[in-house]
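# Examination of the molecular architecture
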Number of protein chains: 2
Amino acid sequence: MALRHAVLAALLDGELSGYQLAKAFDLGVANFWHALPQQLYAELARLERDGLVSGREIVQDTRPNKRVFTVTDAGLAELERFAAADGKPSFIRDDLLVKVQAADHVDAGEVIARLTERAAFADAKIRLLGGLLRKLRGDRGEEEFLRHGERIGPYLTCLRGLAFEQGNRDWCRRSAAILEERRAAHARE
Amino acid sequence: MALRHAVLAALLDGELSGYQLAKAFDLGVANFWHALPQQLYAELARLERDGLVSGREIVQDTRPNKRVFTVTDAGLAELERFAAADGKPSFIRDDLLVKVQAADHVDAGEVIARLTERAAFADAKIRLLGGLLRKLRGDRGEEEFLRHGERIGPYLTCLRGLAFEQGNRDWCRRSAAILEERRAAHARE
DNA sequence: TTGAGCATGTAAGGGGTTACATGATTGC
DNA sequence: GCAATCATGTAACCCCTTACATGCTCAA
């Protein structure tokens, strides 16, 4: 039940509506979790019912009204408990890796295509995260920000997201190159 | 529905029983996917029912009999189709990152403890995977193996798993150090 | 006028986790 | 004797995904 806590953590930086949360969790700008809008609306309802967040209506003229949510003291206490509990390590679960695992037995061209697609996606995300980090740290240098910036949490999770995508991109490119070369070698025989 | 394909991919290297599969998927030796024994037994039953794998009984004296499974031609065809389909990118979903995201608002000591635990876990897995890679490539050098070794798929997924855990370990250590230093600085004020 | 963005949901189904159940053998 | 390993499942529950539904505004 970590979606609860992910939502609570996301709301620590200020009140947000379900829609705003959804955008953050969807693009993976929230690098610590991923969720679809439907989940978030449902989870926010549950959180409010349980008193961990409180919502207030914001009336808007040109756009539909919205409800924004804030973490309550009970919500903070719940996060505190969560942080102290030990979780199990997260495992990789990725379609692409399954395809690569089978690369010797299926059409290598298709696998190479998937790897290339993913590398491009990772590259786009790397640029996105780079910008986000720059925005978070403002005009301070990284060292300086890490030492004295307020709100270090989001910066650290962003760094993990960045490293993850760089790992993805590098591995995808290298793997694609290796499979390509083997395919070429095979064709020469 | 990628567990199917993960199981098929795992069976490409030779027939395995549900129990053997479970061990591989549990320890994450299968770096491309993770699954619990119950899922695997259920999935193997479905795969056999659908004709994608075929099982045969192996009678054993001292231990309980077991059923081992092989990928059928239909199974291979299914994998082929799967490899050609494009999947969506996999997102991070990790308790630990949620905790770090909230690090400014909860007891930093607890978060540091969680980071340290995870770094140790990652370290253990790095050693495990290092051994696995050495075993896979035998006495050949890596370059040589990547070019001419048969069964490159498992090696590549293993490489991804290794890089992932190295990323984890490095990030955990760095983040823990940063939080530690900030805590010390705060205490001095 | 068509599509994109804002804003919030419901419902069904599939996949994963947790808990439970059984029973034999091997090593400490 | 007790724990761990081998070996295979069932059942309940929760979480996530997919599909569907509504309606208003703004820009191309």
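Residues numbered from 1 in each chain as written. Chains lettered and ligands numbered in written order. Predicted model: local features only at pLDDT ≥ 70, side-chain atom pairs only at ≥ 80, totals over all residues. Heavy atoms only, no water.

Take the packing of aromatic side chains next. Across all of its chains, the model carries five aromatic pairs over all chains by this definition. The interplanar angle of 75° and the centroid separation of 6.0 Å between the aromatic rings of Phe164 of chain A and Phe164 of chain B together place this pair among those described as edge-to-face. Separated into two different chains, Phe164 of chain A in helix α8 (residues 153-188) and Phe164 of chain B in helix α8 (residues 153-188) make up a pair that spans both. Like Phe164 of chain A, the residue Phe164 of chain B is buried in the burial classification. Sitting over the face of the ring of Phe82 of chain B, Lys99 of chain A holds its NZ or CZ atom 4.9 Å from the ring centroid. (Phe/Tyr/Trp six-rings, centres within 6.5 Å; stacked < 30°, edge-to-face > 60°. Helix = DSSP H or I, 4+ residues; strand = E, 2+ residues; numbered from the N terminus. Buried < 20%, exposed > 50% of the residue type's maximum accessible area, 1.4 Å probe, protein only. Lys NZ or Arg CZ within 6 Å of the ring centre and 35° of its normal.)

In this section: the UniProt feature "domain: Transcription regulator PadR C-terminal" (unreviewed entry) in chain A. The residues that UniProt annotates with the feature "domain: Transcription regulator PadR C-terminal" (unreviewed entry) are residues 92-180 of chain A. For residues 92-180 of chain A, the end-to-end C-alpha separation is 25 Å, with 81% helix and 0% strand making up the annotated structure. (UniProt positions renumbered as here; feature names shortened; annotations may be inferred.)

Here we take up the domain arrangement of chain A. Accessible area lost upon the coming together of the parts serves often as the stated size of an interface. Residue and element names in this part refer to chain A. Under the domain assignment, chain A is made up of domain 1 (2-84) and domain 2 (95-188). One C-alpha centre belongs to domain 1, the other to domain 2; they are set 28 Å apart. Opposite the six residues of domain 1 that make contact, domain 2 presents nine residues. Carbon and sulfur atoms supply 58% of the area buried between domain 1 and domain 2, which totals about 540 Å² over both sides. It is Asp13, Val29 and Asn31 in domain 1 that bury the most area against domain 2; as a group they hold 76% of the surface buried on that side. Along the contact surface separating domain 1 from domain 2 lie one salt bridge. Linking domain 1 with domain 2 are one residue pair in polar contact (both at pLDDT 80 or more), by the criterion used here. (Domains from an automatic or database assignment. Contact = heavy atoms within 4.5 Å. Buried area = accessible area lost by both parts, 1.4 Å probe. Salt bridge = Lys/Arg side-chain N within 4 Å of Asp/Glu carboxyl O. Polar contact = N/O pair within 3.5 Å; in protein donor to acceptor, adjacent residues only side chain to side chain.)

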